[in-house]
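# A structural walkthrough
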Amino acid sequence: MTDKDEDGLNRQLDRFERELPPGIGRSLRWLREPSARWVRVPVGLLLIAGGIFSILPVLGLWMLPLGLLLLTQDLPFLRRPTRRALLWAERRWVRWKQSRRPPQGRD
């Protein structure tokens, strides 16, 4: 993969961190640091495993994309598909928020 994929993914994740509550954003920022690799990989694998068993009450499907997102930092072949998925999800989110906004009246 190219540096373009890594740079784009990092920009998206930085933007995502800013949108999260401060404590969660700090945790995600720490997990993305190179020194946290030994924590990030096992946590990512555990989240993916938990997402697979999403039929259990505490575990949910939300764990699968979060685990993939963490592993993306260390597996270059996941960067491009993850970046594209994040762009798609962001566009859908913006479109959904705009559709929920009440129409503006003309004065």
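Predicted model, so just to flag it, every value in this text is computed and none were measured.

Rules of the game
- Residues numbered from 1 in each chain as written.
- Predicted model: local features only at pLDDT ≥ 70, side-chain atom pairs only at ≥ 80, totals over all residues.
- Heavy atoms only, no water.
- Salt bridge = Lys/Arg side-chain N within 4 Å of Asp/Glu carboxyl O.
- Helix = DSSP H or I, 4+ residues; strand = E, 2+ residues; numbered from the N terminus.
- Buried < 20%, exposed > 50% of the residue type's maximum accessible area, 1.4 Å probe, protein only.
- Axes fitted to C-alpha atoms, helices over the stretch in contact; angles between N-to-C directions.
- Parallel < 35°, antiparallel > 145°, perpendicular 65-115°, else oblique.
- Left-handed = near helix turned anticlockwise from the far one by under 90°.
- Contact = heavy atoms within 4.5 Å.
- Nonpolar A, V, L, I, M, F, W, Y, C, P; charged D, E, K, R; others polar.
- Polar contact = N/O pair within 3.5 Å; in protein donor to acceptor, adjacent residues only side chain to side chain.
- 1 Å grid on protein atoms, 1.4 Å probe; cavity = no way out; pocket = protein on both sides within 12 Å on 5 of 7 lines; lining within 4 Å.
- Points joined across faces, edges and corners; volume = space filled by probe spheres on them.

All chains considered together, the criterion is met by 9 salt bridges. In this structure, Glu 6 engages Arg 79 in a salt bridge whose closest nitrogen and oxygen atoms are separated by 3.8 Å. Here the residue Glu 6 occupies a position in helix α1 (residues 3-19), and Arg 79 occupies one in helix α5 (residues 79-100), the gap between them amounting to 73 residues. Assessed through its relative accessible area of 31%, Glu 6 is described here as partly exposed. With relative accessibility at 12%, the residue Arg 79 sits in the buried group. Of the charged contacts, one joins Arg 15 and Glu 90 as a salt bridge, the two residues approaching to 2.9 Å between their closest N and O atoms. Taken together, the positions of Arg 15 in helix α1 and Glu 90 in helix α5 put the pair 75 residues apart, joining distant regions of the chain. You can call Arg 15 partly exposed: its relative accessible area is 32%.

Turning our attention to the packing of α1 against α5. Here α1 crosses α5 at 40 degrees, and the two axes come no closer than 9 Å. On the basis of the axis angle, α1 is oblique to α5. In the packing of α1 onto α5, the handedness of the crossing is left-handed. Mapping the contact onto sequence places Lys 4, Asp 5, Glu 6, Gly 8, Leu 9, Arg 11, Gln 12, Leu 13 and Arg 15 in α1 and Arg 79, Arg 80, Thr 82, Arg 83, Leu 86, Leu 87 and Glu 90 in α5. Per-class residue counts for the contact of α1 with α5 are 4 nonpolar, 3 polar and 9 charged.

This part is about the side chain of Arg 32. Secondary-structure assignment places Arg 32 in helix α2 (residues 22-32). By relative accessible area, which is 15% here, Arg 32 ends up buried. Only 3.1 Å separates the side chain of Arg 32 from the side chain of Asn 10, close enough to count as a polar contact. Setting aside anything within four residues of it in sequence, one finds Arg 32 in contact with Asn 10, Leu 13, Asp 14, Glu 17, Arg 40 and Gln 73.

Its boundaries defined by the atoms lining it, the largest pocket holds a volume of some 870 Å³. Lining the largest pocket are 26 residues, with Phe 16, Leu 20, Leu 69, Leu 86 and Ala 89 positioned closest to its centre. Broken down by secondary-structure element, the contributors of at least two residues to the lining of the largest pocket are α1, α2, α4 (63-72) and α5. With 9 residues, the single largest contributor to the lining of the largest pocket is α5. A per-class count over the lining of the largest pocket returns 19 nonpolar, 3 polar and 4 charged.

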